[in-house]
Amino acid sequence: MSRLTKVVIAKTKLMIIKLTTLYLMVFFFCVLVTKSDEWPIPRGNSRLTGVANTGLPTVMEPLWVFQADEAIESTPAIFEGTVFITSLDGNLYALEMKTGQKRWQYSATDIIKSSPSVAAGVVYFGDESGVFHAVDGVTGQQRWTFETEAGIISAANFDQKLVVFGSYDQYLYCLKQDSGELVWKYETEGYINGTPAIVNHQATVTGCDSYLRLIDLKTGKQSQQLPLGDYIVASPAILGDLVFVGTYSGRFFCADLKTAQTVWKYENTKSQFPIFASAAVTDTTVIMASKDKSVYAFDPMTGHEQWRISAKSRIEASPVIAKNNVLFATTAGNLYAIDIESGKQNWFFEIGFPIVAGPAVAAERLVIGDTNGTVYCFGSPSLGTGESEK
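Residues numbered from 1 in each chain as written. Predicted model: local features only at pLDDT ≥ 70, side-chain atom pairs only at ≥ 80, totals over all residues. Heavy atoms only, no water.

Secondary structure summary: the protein contains 1 helix and 33 strands in total. Put simply, of all contacts in the protein between residues at least 6 apart along the chain, 46% involve residues at least 24 apart. Accessible area for the protein stands at about 16700 Å²; split by element, carbon and sulfur atoms hold 51% of it. (Helix = DSSP H or I, 4+ residues; strand = E, 2+ residues; numbered from the N terminus. Contact = heavy atoms within 4.5 Å. Areas by Shrake-Rupley, 256 points an atom, 1.4 Å probe, with all protein chains shown as cover.)

Our next topic: the sheet that holds strand 23 (residues 280-281). The sheet built from 4 strands is open, its strands ordered 23-24-25-26 with antiparallel pairing. One side of each edge strand has no neighbouring strand; the edge strands of this open sheet are strand 23 and strand 26 (305-310). Of the strand pairs in this sheet, strand 24 (residues 286-289) and strand 25 (residues 294-298) are connected by 4 bridges, and their pairing is antiparallel. Bridge pairing in strand 25 links Val286 to Phe298. (Pairing = 2+ DSSP bridges.)

Note on placement: Glu61 falls in strand 2 (residues 61-67). A relative accessible area of 32% means that Glu61 is categorised as partly exposed. (Buried < 20%, exposed > 50% of the residue type's maximum accessible area, 1.4 Å probe, protein only.)

Between side chains of opposite charge, pairing is possible as soon as their charged atoms come close. Across all of its chains, the model carries 8 salt bridges by this definition. Asp136 serves as the salt-bridge partner of Arg143, at 2.9 Å between the closest nitrogen and oxygen. Using a relative accessible area of 13% as the deciding quantity, one classes Asp136 as buried. For the salt bridge of Arg308 with Glu305, the shortest nitrogen-to-oxygen distance reads 3.0 Å. By relative accessible area, Glu305 is classed as partly exposed at 28%. (Salt bridge = Lys/Arg side-chain N within 4 Å of Asp/Glu carboxyl O.)

Along the polypeptide, Thr247 turns up in the loop between strand 20 (242-246) and strand 21 (251-256). Among residues more than four places away in sequence, those in contact with Thr247 are Leu228, Asp230, Tyr231, Ile232, Phe253, Pro274 and Ile275.

Checked against the element boundaries, Ala332 lands in the loop between strand 28 (325-329) and strand 29 (334-339). A residue is classified by how much of its surface remains accessible, and Ala332, at 36% relative accessible area, is partly exposed. On a C-alpha basis, the gap between Ala332 and Phe353 in space is 6.4 Å, while along the polypeptide they are 21 residues apart. Those residues in contact with Ala332 that lie beyond four places of it in its chain are Ser313, Gly352 and Phe353.

On to the packing of aromatic side chains, then. Scanning all chains against the criterion turns up 27 aromatic pairs. A centroid spacing of 4.3 Å and a plane angle of 5° characterise the contact between Tyr168 and Tyr191, whose relative ring orientation is stacked. One end of the pair, Tyr168, is in the loop between strand 12 (162-166) and strand 13 (171-176); the other, Tyr191, is in the loop between strand 14 (182-187) and strand 15 (197-199), with 23 residues separating them in the sequence. The exposure class assigned to Tyr168 is partly exposed, which follows from its relative accessible area of 25%. (Phe/Tyr/Trp six-rings, centres within 6.5 Å; stacked < 30°, edge-to-face > 60°.)

With mixed pairing, 5 strands are arranged side by side in an open sheet as 1-27-28-29-30. Two strands lie at the open edges of the sheet, namely strand 1 (51-52) and strand 30 (345-350), each paired on one side alone. Summarising the sheet, strand 29 and strand 30 pair through 5 bridges and their orientation is antiparallel. Within the sheet, the bridge partner assigned to Tyr336 lies in strand 30 and is Phe348.

With a phi angle near 60°, Leu48 is a residue other than glycine that sits in the positive phi range. Structurally, Leu48 can be placed in the loop between helix 1 (3-32) and strand 1. For Leu48, a relative accessible area of 1% gives the class buried. Although it is not a glycine, Asn200 sits at a positive phi angle of roughly 55°. For Asn200, the position within the fold is in the loop between strand 15 and strand 16 (202-206). The exposure class of Asn200 is exposed, given its relative accessible area of 66%.

Attention shifts here to the nonpolar core. Burial of nonpolar side chains together is a common tendency in soluble globular proteins. One finds Leu335, Ile368 and Phe378 to be the most contacted residues of the largest nonpolar core, which totals 35 residues. Ranked by residues supplied to this core, first place goes to strand 33 (residues 374-379) with 4 residues. With residues near it in sequence (within four places) discarded, Phe378 still touches Met60, Glu61, Pro62, Leu63, Leu335, Trp347, Phe349, Ile351, Glu364, Arg365, Leu366 and Ile368. One finds Ile152, Leu175, Leu226 and Ile232 within the second-largest nonpolar core, a separate group that totals 31 residues. (Core = buried A, V, L, I, M, F, W, Y, C linked by side-chain atoms within 4.5 Å.)

A word on the pairing of strand 13. Across the 6 residues of strand 13, 5 count as buried, placing the element largely inside the fold. Count of turn residues in the strand 12/strand 13 antiparallel hairpin: 4 residues, of which Gln170 carries a positive phi of about 80°. Here strand 13 hands over to strand 14 after 5 residues, with Gly180 in that stretch at a positive phi of 80°.

Structurally, Ser154 is set in the loop between strand 10 (142-147) and strand 11 (157-159). When residues no more than four places from it in sequence are discounted, the contact partners of Ser154 are Ser114, Phe165, Gly166, Ile192, Asn193, Gly194, Thr195 and Pro196. One polar contact links the side chain of Ser154 to the main-chain carbonyl oxygen of Gly194, over a distance of 3.0 Å. (Polar contact = N/O pair within 3.5 Å; in protein donor to acceptor, adjacent residues only side chain to side chain.)

Taken residue by residue, the protein gives an average pLDDT of 91. The fraction at 70 or more is 89%. A low-confidence stretch, residues 2-33 stays under pLDDT 50, and its non-local contacts, those more than four residues away or across chains, total 4 contacts. (pLDDT = per-residue confidence, 0-100.)

Here the focus is the side chain of Ser278. If you trace the backbone, Ser278 turns up in the loop between strand 22 (261-267) and strand 23. For Ser278, a relative accessible area of 6% corresponds to the buried category. Of the polar contacts made by the side chain of Ser278, one reaches the backbone nitrogen of Ser235; its length is 2.9 Å. Other than its neighbours up to four places away in sequence, Ser278 contacts Arg43, Ala234, Ser235, Ser318 and Pro319.

Quick look at the structure:
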């Protein structure tokens, strides 16, 4: 073989490697990144980072409102131009994203605290009777139901063709998306409040047994566990190999998923108010909100406090990061947008009724519900307003 031939072969192999690498990068980008006009699960993506792929206008006002019959304690899902929202009135509502007009409603068997999640055009959620529902996102018709032994507050998450959620019967469930057939269930030692985070075919789940657990989605077996020493209401948020979650006693943890060891933790030594809100995290900042009436920004790698602000009222709703804004709501019914680098307030809106669940952010709009049963869609005044509807 001539020297020239060897050079050509070597260059061809190098080109193939580069193209293969580029293909894999594009493939994983498409798999992991949520579209800017969608918010399919409560924290935006399967890692539950609480980060939107769209910014929000500097000036926002209500574009439309929708009135349910009872309180809303869930985060909306946004998928293909439709807002899906559940209510304590026992209904799942489908609303036109642009106008707020009701497309359909689906009645469950009991009140609903579980936030809806959407995969492949099907909406999944649980109710207080322990029934898990799969509903066609276009028609509002039931696809199937699955019964657990206690109420479901946890929202669903997805991996390939599987749907995963927790229940107050202390089990983490894994079902087939298309049929609701049970694949496996894993028994913990307490209620599961939060949504499981999913990455690399592993579910990270927390609950009232005080453990952070890693469950292999193929086998349903536990691979790691880390005792955090207290009840956990919030859902975990994952950045790389790090997971972030707060506890009922007010401690905020960063742990390594591979070693199941604590990397750093924060605790307010002057007060120990519960952390109900899930964290929002980027490569440079992790946001934590607490019932101590404060919002905190930390360096995700070191735990160094970057800033903190007082909201003057308790926070149960999970914050969301949208470009340079941190969005959060309080139990006093106030909505804020603050600068992620400085903590300076950029926007404020007074709703007036307590808000206990975080917003959905997509297509340069923010959608959120309150305990009066009202759903608000905020956006630029230039987008125009829809009509209010019950």
